[in-house]
Amino acid sequence: MNDFAQPCLPVVGSQTLVPLVDGRQVPYANLDCAASAPALQVVADRVNQVLPLYASVHRGAGYLSQVSTALYEESRQAIGRFVGSRTDDVTIITRNTTDSLNLLAGCIPAGPEGNGGKVLVLDVEHHANLLPWRNAPGGVTVVHGGESVRETLEILKAELAVEPFALLAFTGASNVTGEALPIDQVVALAHEAGARVVIDGAQLIPHRRFSLEESGVDYVAFSGHKTYAPFGAGALVGTRDWLDSGQPYLAGGGAVRQVGLDEVVWTDAPARHEAGSPNVIGAVALASACEALASLPQGALEAHEQLLRERLVSGLEAIEDVRVVKAWADAENPVGVVTFAVKNCDPGLVAAYLSAEHGIGVRDGRFCAHPLLHRLGFDAGAIRASVGVGTTIAEVDRLIFALKLWVEEGVHTNYEVVDGCWAVRNDPRPTPEGSGLHGLIATAAAAIGGLAACGPAPSLQGATL
Ligand code: ALA
């Protein structure tokens, strides 16, 4: 019997202490699993186990090269199995979901079936499932979702009847609300209209059992760093023909059969899209995470997450001035990703307060889903808390307690906006021993352009509190 107050699977870093501005140290409450989830302990152990065996892949006659090649190819099989790949499906090892969807966009044929290679998406999508389709041969049509799942399905059906599409791309679980459309109904609508289906599985695969074979979905894309395997690998898995004939994603060694000075004969998928030395360790890590998740008793993952989500949502809704964001009134069984706003409060300041005064990690901003946040009226952004297999009820309760305290008392230290992000003024928190760091957030944000990393608050530049 699982004790749902405890993690479902042990993760690395669950005991890591972080400093608060008042000088105390507390265990980090990582409620930002939707952005990047911590590594499973078994994944870290597996990586350490195979590192001494690491050598070149697909290229060497040496014994360890052969071992590494076998590890890479067996990992590919395990990753494909985890998402229920069919006999003739291909599993391509990518960097992450964004990479996978860009790859697929380059493989859509220009329209032998009379659809011009056009893609249909809803405005609820993450930018990773919106922007790549602009490069599809027929471009992309983006339609607004409705206020309910039922209405949104009707909208999709109507759009699919207007013109032929090559592909319908939709999220398996929103990275903003955790909600999703029923996969079987979307697949039926798309297939009836002659369109294939790709699922953005970034938030689905770490949280729910999924099978290409059982669902009839044509392609699924997902990320290792959200699936408890943060070692740089993700995957695109699905129907072979487009992947065999599509534009090679990267030009280079390993993707070819023969190269002359004026001509290239490209090889088939998956190697066709994996030029350059592949990420063996990342693939092994992702395969290990897939196997660990698959080994959980049926329903354990869902039950763990449902309990945490219900606790989170009911706790948030009980706080005056906190509003939980929903895309659809009738969405069933959302995953553990919950976005909320606090009335008249800048989301970035709330997130900075949660970190500095309570050691809680959340994400704020527009979550790379600007069109959805705009339609729902959150152009100023919101705050997102997301849970995973390593999350405990105590961590959720800490968030609720901290937000109640915010509403009752406000902040207890001084904050200012640096490069578009809220930060503690004269932040006294030390960097972690052994990290080699010389400074924290403000420096890091500035290095990559501040606003791009932190979110939507240009008007806040220079603000203090
Ligand atoms: N796509 C990730 C998120 O939603 C980074 O946070």
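Please read all numbers here as calculations on a predicted model, not as lab measurements.

The rules behind the values
- Residues numbered from 1 in each chain as written.
- Predicted model: local features only at pLDDT ≥ 70, side-chain atom pairs only at ≥ 80, totals over all residues.
- Heavy atoms only, no water.
- pLDDT = per-residue confidence, 0-100.
- Contact = heavy atoms within 4.5 Å.
- Near = heavy atom within 4 Å.
- Polar contact = N/O pair within 3.5 Å; in protein donor to acceptor, adjacent residues only side chain to side chain.
- Areas by Shrake-Rupley, 256 points an atom, 1.4 Å probe, with all protein chains shown as cover.
- Nonpolar A, V, L, I, M, F, W, Y, C, P; charged D, E, K, R; others polar.
- Disulfide = S-S within 2.5 Å.
- Buried < 20%, exposed > 50% of the residue type's maximum accessible area, 1.4 Å probe, protein only.
- Helix = DSSP H or I, 4+ residues; strand = E, 2+ residues; numbered from the N terminus.
- Core = buried A, V, L, I, M, F, W, Y, C linked by side-chain atoms within 4.5 Å.
- Pairing = 2+ DSSP bridges.
- Axes fitted to C-alpha atoms, helices over the stretch in contact; angles between N-to-C directions.

The share of residues in the protein with pLDDT of 70 or more is 93%, and the mean pLDDT across the chain is 93. In the predicted structure, residues 449-458 sits below a pLDDT of 50 and forms 19 contacts with residues beyond four places in sequence or in another chain.

Attention shifts here to the site of the ligand. Around the ligand, the neighbouring residues are Ala-34, Ala-35, His-126, Asn-175, Lys-226, Arg-363 and Arg-384. Contact between the ligand and Asn-175: an oxygen atom at 2.7 Å from a side-chain N or O atom of the residue. When the free accessible area of the ligand is taken as 220 Å², the share hidden by the protein chains comes to 83%. Its residues assigned to classes, the shell around the ligand shows two nonpolar, two polar and three charged.

A few words on the state of the cysteines. Each disulfide consists of one covalent bond between the sulfur atoms belonging to two cysteines. If you walk through the whole model with that rule in mind, you get zero disulfides. In this model Cys-33 remains outside any disulfide bridge; the closest cysteine sulfur is found in Cys-8, 12 Å from its own. According to the relative accessible area criterion, Cys-33 is buried, its value standing at 6%. The cysteine Cys-290 is free of any disulfide, with Cys-8 supplying the nearest cysteine sulfur at 16 Å. Using a relative accessible area of 1% as the deciding quantity, one classes Cys-290 as buried.

This next bit is on the environment of Val-143. Along the chain, the position of Val-143 falls in strand E6 (residues 140-143). Between the C-alpha atom of Val-143 and that of Pro-7, which follows or precedes it by 136 residues, the distance is 39 Å. In this structure, Val-143 is in contact with Leu-120, Val-121, Leu-122, Asp-123, Ile-155, Leu-156 and Glu-159, ignoring residues within four places of it in sequence.

Locating Ser-148 in the fold gives a position in the loop between E6 and helix H4 (149-162). Sequence separation between Ser-148 and Ala-331 is 183 residues; the distance between their C-alpha atoms is 7.3 Å.

As a further point, take the nonpolar core. Membership of the largest hydrophobic core comes to 77 residues, with the highest contact counts inside it found for Leu-40, Val-83, Ile-199, Phe-210 and Val-389. With 11 residues, the top contributor of residues to this core is helix H8 (residues 280-294). Ignoring anything within four residues of it in the chain, the contact list for Ile-199 reads Phe-170, Gly-172, Ile-183, Leu-204, Phe-210, Val-217, Tyr-219, Val-220 and Ala-221. By size, the runner-up hydrophobic cluster in this structure holds 37 residues, among which are Ala-352, Ile-383, Tyr-415 and Val-417.

With that out of the way, let us pick up the sheet that holds strand E4 (residues 90-94). A sheet is described by the order of its strands in space; here seven strands give the open sequence E4-E10-E9-E8-E7-E5-E6, paired in mixed fashion. This sheet does not close on itself; its edge strands, each paired only once, are E4 and E6. For this sheet the average axis-to-axis angle between neighbouring strands, irrespective of direction, equals 20 degrees. Those strands touched by helix H2 (residues 63-82) are E4, strand E9 (219-223) and strand E10 (234-238), and its axis lies near 115 degrees from that of E4. Here helix H5 (residues 183-192) sits on the sheet in contact with strand E7 (167-171) and strand E8 (196-200), set at roughly 150 degrees to E8.

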